[in-house]
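Listed below are the residues making up each chain.
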Amino acid sequence: MKRKQFYNLIAGLILAAFAVTGFAGDKMSKKVKDKAYSGGNEEISVIVRYASMPGQSEDNRLNGLQAQTERAYGQIKMRTVKVKANKLDDLVNDPNVEFVDLNSPVESFTEAARLTANMTYTRNGSQSYDGAGVGIAVIDSGVSNHNDVFETDIEQDSFLNGNSVHNTELVDEFGHGTHVAGIISGTGEESADDVNKGFAGASTLTSLQVLDDTGRGYASDVIAALDWVLENAASKGIQVVN
């Protein structure tokens with residue numbers, strides 16, 4: 001997939017997530033609007049979507065609002081901003097601000113992945129597709145050194161709690177990301193006759209950690225991981241994002 005198409009796909013998914021939380025013509029989601037109506041000095045973490053990439057002028061404007069940037073993104077026209085409730089109306093009162101939503105918690109759910117994908121429970125040995133040459137980014141709780149995935153070459157970056165760091169060791173304190181990685185490219189070593197192999201065993205995984213040891217995180221960290229994908233997809237050969 002061409003870089004522009006890949007960018008448009010990811011950016012579109014993010015924008016769609018924002019679109020369903022607001023109303024036509026509004027610049028605030030209902031939850032942000034409720035906070036604005038309440039007023040007061042409560043500090044709110046919000047995600048701001050801009051018409052064009054914000055720069056120094058936005059830094060200056062936020063300083064004037066006694067707000068601070070918690071996360072800035074390199075490829076996505078958004079910022080995570082901490083601002084007082086009584087300054088939310090001023091925050092959106094700018095032509096470059098398109099929409100503001102809460103930096104809401106996110107969490108994982110384990111579903112019947114094979115049934116959803118209409119896959120059989122056992123891998124057919126005659127299947128020719130093995131994912132060779134395809135890079136896959138798994139945005140989840142990380143990947144641990146499980147026997148079924150340890151033999152594969154996996155890199156991991158963590159975006160937890162507003163950070164962006166490269167992990168020198170694989171980490172997954174919740175387990176969901178390791179489960180997903182196993183479905184994708186697990187060796188099946190821990191199952192009888194390797195029957196539970198992943199469906200794309202020759203693919204290359206990149207683990208992007210956004211969920212903690214309780215399976216929870218924040219929308220801003222997920223956006224940061226997607227921003228990282230847009231920046232690094234070409235050099236890492238990433239064609240698929242889970």
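Everything below is about the structure shown above.
Chemist: Just checking my understanding: could you explain the environment of leucine 208 for this structure?
Modeler: You can see leucine 208 is positioned in strand β9 (residues 204–209). Residues in contact with leucine 208, not counting those within four places in the same chain, are Ala137, Val138, Ile139, Asp140, Asp157, Phe159, Ala225, Trp228 and Val229.

Chemist: Would you explain the nonpolar core in this entry?
Modeler: Among the nonpolar cores identified, the biggest contains 21 residues, and Ile76, Phe159, Leu208 and Val229 are the most heavily contacted of them. Mapped by element, the contributors of at least two residues to this core are β6 (135–140) and α8 (219–236). When residues of this core are assigned to their parent elements, the largest contribution, 9 residues, is made by α8.

Chemist: How should I be thinking about the environment of glycine 40 in this particular structure?
Modeler: You can see glycine 40 is positioned in the loop between α2 (30–38) and β1 (43–50). The class of glycine 40 is partly exposed, set by a relative accessible area of 38%. Considering only alpha carbons, one finds glycine 40 and lysine 87, 47 residues apart in sequence, at a separation of 8.9 Å. For glycine 40, the contacting residues outside a window of four places in its chain are Lys84, Ala85 and Asn86.

Chemist: Before we go on, may I ask you to explain the pattern of salt bridges in this structure?
Modeler: On inspection of all chains with the given rule, the structure shows 11 salt bridges. For lysine 82, the salt bridge is made with glutamate 70, and the minimal N-O distance between the two is 3.6 Å. Of this pair, lysine 82 sits in strand β3 (residues 78–84) while glutamate 70 sits in strand β2 (residues 68–72); the two residues are 12 residues apart in sequence, bridging distant segments of the chain. With its nearest N and O atoms 3.3 Å apart, the salt bridge here joins arginine 71 to aspartate 221. Of the two residues, arginine 71 sits in strand β2 while aspartate 221 sits in helix α8, which places them 150 residues apart along the sequence. Its relative accessible area of 9% is what places arginine 71 among the buried residues. In this structure aspartate 221 comes out as buried when scored by relative accessible area, which is 2%. One continuous salt-bridge network, built from bridges that share partners, spans Glu58, Arg61 and Asp94.

Parameters and conventions
- Residues numbered from 1 in each chain as written.
- Predicted model: local features only at pLDDT ≥ 70, side-chain atom pairs only at ≥ 80, totals over all residues.
- Heavy atoms only, no water.
- Helix = DSSP H or I, 4+ residues; strand = E, 2+ residues; numbered from the N terminus.
- Contact = heavy atoms within 4.5 Å.
- Core = buried A, V, L, I, M, F, W, Y, C linked by side-chain atoms within 4.5 Å.
- Buried < 20%, exposed > 50% of the residue type's maximum accessible area, 1.4 Å probe, protein only.
- Salt bridge = Lys/Arg side-chain N within 4 Å of Asp/Glu carboxyl O.

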